[in-house]
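# Structural characterization, general
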Amino acid sequence: MTSTTPEHITVLGAGILGAAAAHHLSRRGARVSVIDAQTAGDRATTASFACVNGSAKSEPALAALNDRGVAEYHHVAAALGDAAVRFTGQHFVATDAESLRVAELRVHAARARGYGGELLDGAALREREPRMRLDTVPLAVAWFDADGWADPDAIRRHFLTGLQVRQRRATSIVPTSSGRLRVEFADGDSTDTDRVVNATGAGAPDIHLPAARTTRGAASFGLVVSVDTPVDLVSTVIRTPRLGIRPDGHNRALLHSHDVDAVITRGEITTHDATEILLDRARHMFPDAVGINARRATIGPRPIPPDGAPSVGALAAVPGYYELSAHSGVTLAPLLGRLLAEEILTGAHNPLTAPFRPDRFRKAPS
Ligand SMILES: Cc1cc2nc3c(=O)[nH]c(=O)nc-3n(C[C@H](O)[C@H](O)[C@H](O)COP(=O)(O)OP(=O)(O)OC[C@H]3O[C@@H](n4cnc5c(N)ncnc54)[C@H](O)[C@@H]3O)c2cc1C
């Protein structure tokens, strides 16, 4: 299988980031092939808590990128309606000295850059989320009304409309003598193409790139439990140190917790036991809501570029090769997919992506 038409672009990975890039490339007239290994459990997008937010970032360049990522979601909302994205706002609840420090820092940083945020007290939270009970009175509650949540699989499907996804596992990307790139697959086949977008998420470090020595990222694993609830438990995204919860449609919510993710990543707990922990915490937090039951528990690999920040754009050492990877990839996908497509088709990269170029991971030749 060898493609000969010039400017054929192969997008590896059909998670939300690859889908967004493929969408923006094809709607600008590029000839795009999408390839995905499609192995169950390989995709972060399907397992995501999918909070769309600028508030969790305070480093200026990353925060500016995330703020723009949230703004880009207003185009998604215009196209897909509020089943795909809701700007409900987010409460970040501080119950100890460390979470108070984080809450104050986030509000200060968000206000300073115009994203908006305020510090509330526990009484205000109780009024807004009356079903929720906390064991301790919050020291403060950081509130960000620009944040929200998305249905990443619906958005991913929307971005892939009209595009065929071929099932293949890429193993290496090698420059050819004619100036193109050869993508080699696990089944021994290969395809030649003009450009490659590597959007394989946590799978990226396994794809061999012999033309460039780079520091590769890693993955952490995360669990999200979707629950049926007798009533709508919350109307906003809520993060406490013990539980993240957000609405997920009528009488449904998603549960997540970073400390549970950490034990899952270390392999110290089964999915069943981790799910029970999140369910117990939710039942404890909403004692009057009898009948909070799991409908689905999903574990996914969260791609983590080496310094935790996104990796987007061309790698100078390998002409035609581009990376697209992000830890908060749901928030950033619509924006980064568009910016990368513009870079590929015009040759110029947007200044917003300047601090996040993959070239920063290039290792000196040994
Ligand atoms: C528990 C959890 C909670 C999260 N919460 C949030 C949040 O609140 N907000 C937020 O913005 N982000 C969140 N994230 C992160 C976000 O979900 C990811 O950053 C995003 O989904 C990454 O998308 P992706 O397209 O890069 O990766 P993926 O969705 O993992 O897609 C990568 C695709 O590449 C394919 N692939 C892999 N290897 C190969 C190969 N060798 N050849 C071909 N195809 C391959 C896979 O099959 C997969 O379909 C969370 C993630 C998790 C796990």
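From a predicted model like this one, the values you see are computed outputs, not experimental measurements.

Quick look at the overall build of the protein now. When helices and strands are tallied, the protein shows 9 helices and 20 strands. Its C-alpha radius of gyration of 21 Å places the protein within 12% of the 21 Å reference for a compact globule of 366 residues. Projected onto its principal axes, the C-alpha coordinates of the protein cover approximately 65 × 45 × 40 Å. Taking all 366 residues of the protein together, 51% fall into the buried category. Carbon and sulfur atoms make up 51% of the accessible area of the protein, which amounts to about 15,600 Å² in all. Between the averaged position of the 40 positive side-chain charges in the protein and that of its 40 negative side-chain charges there is a distance of 4 Å.

Near the ligand you find 38 residues, and of these Asp 36, Arg 43, Ala 44, Thr 45 and Gly 329 are the closest. Arg 43 is positioned with one of its side-chain polar atoms (N or O) 2.8 Å from an oxygen atom of the ligand. At 2.9 Å from an oxygen atom of the ligand is found a main-chain nitrogen or oxygen belonging to Thr 331. Contact with the protein chains removes 98% of the 1,000 Å² of surface that the ligand exposes when unbound. Mapped by element, the contributors of at least two residues to the shell around the ligand are α1 (16–27), α2 (44–47), β14 (218–228), β18 (293–304) and α9 (329–346). Taken together, the residues of the shell around the ligand break down into 17 nonpolar, 15 polar and 6 charged. Of the domains in this structure, domain 1 (8–45 + 154–215 + 306–361) and domain 2 (218–303) are the two that each give at least three residues to the shell around the ligand.

Pairing within the open sheet is antiparallel, and its 3 strands lie in the order β3-β8-β4. Edge strands, defined here as strands with exactly one partner in the open sheet, are β3 (51–52) and β4 (85–86). As paired elements, β3 and strand β8 (residues 148–150) share 2 bridges and run antiparallel to each other. Counted as the bridge partner of Cys 51 is Trp 149 from β8.

Annotation of the protein at the domain level lists domain 1 (8–45 + 154–215 + 306–361) and domain 2 (218–303). Each partner contributes to the interface: domain 1 provides 9 residues, whereas domain 2 provides 6 residues. With both sides pooled, the region where domain 1 packs onto domain 2 buries about 640 Å², and carbon together with sulfur makes up 62% of that total. For the interface between domain 1 and domain 2, the tally reads 0 salt bridges. Here domain 1 is connected to domain 2 by 0 residue pairs in polar contact (both at pLDDT 80 or more). Here the residues of the side of domain 1 that touches domain 2 sort into 3 nonpolar, 4 polar and 2 charged.

Moving on, we come to the confidence of the model for the protein. Note that predicted coordinates carrying low pLDDT should not be read in detail. Of all residues in the protein, 97% have pLDDT values of 70 or greater, and the mean over the chain is 94. Below pLDDT 50 for its whole length, residues 1–6 participates in 19 contacts with residues either more than four positions away or in separate chains.

Before going further, it helps to spend a moment on the packing of aromatic side chains. Inspection of every chain in the model, using the stated rule, returns 0 aromatic pairs. The ring of Trp 143 has Arg 128 sitting right over it, with the charged end atom 4.5 Å from the ring centre. Note that Arg 246 overlies the ring of Phe 49, its terminal NZ or CZ placed 5.8 Å from the centroid.

Tallying each qualifying case throughout the model produces 1 cavity of 30 Å³ or more. Volume-wise, the largest cavity comes out at about 210 Å³. Elements with a minimum of two residues in the lining of the largest cavity: β18 and β20 (321–325). The greatest single-element share of the lining of the largest cavity, amounting to 4 residues, is contributed by β20. For the lining of the largest cavity, a count of residues per class yields 12 nonpolar, 7 polar and 2 charged.

Here is what the cut-offs are and how they apply
- Residues numbered from 1 in each chain as written.
- Predicted model: local features only at pLDDT ≥ 70, side-chain atom pairs only at ≥ 80, totals over all residues.
- Heavy atoms only, no water.
- Helix = DSSP H or I, 4+ residues; strand = E, 2+ residues; numbered from the N terminus.
- Rg over C-alpha atoms; globule rule 2.2 N^0.38 Å.
- Buried < 20%, exposed > 50% of the residue type's maximum accessible area, 1.4 Å probe, protein only.
- Areas by Shrake-Rupley, 256 points an atom, 1.4 Å probe, with all protein chains shown as cover.
- Lys, Arg positive; Asp, Glu negative; His and termini not counted.
- Charge placed at Lys NZ, Arg CZ, Asp CG, Glu CD.
- Near = heavy atom within 4 Å.
- Polar contact = N/O pair within 3.5 Å; in protein donor to acceptor, adjacent residues only side chain to side chain.
- Nonpolar A, V, L, I, M, F, W, Y, C, P; charged D, E, K, R; others polar.
- Domains from an automatic or database assignment.
- Pairing = 2+ DSSP bridges.
- Contact = heavy atoms within 4.5 Å.
- Buried area = accessible area lost by both parts, 1.4 Å probe.
- Salt bridge = Lys/Arg side-chain N within 4 Å of Asp/Glu carboxyl O.
- pLDDT = per-residue confidence, 0-100.
- Phe/Tyr/Trp six-rings, centres within 6.5 Å; stacked < 30°, edge-to-face > 60°.
- Lys NZ or Arg CZ within 6 Å of the ring centre and 35° of its normal.
- 1 Å grid on protein atoms, 1.4 Å probe; cavity = no way out; pocket = protein on both sides within 12 Å on 5 of 7 lines; lining within 4 Å.
- Points joined across faces, edges and corners; volume = space filled by probe spheres on them.

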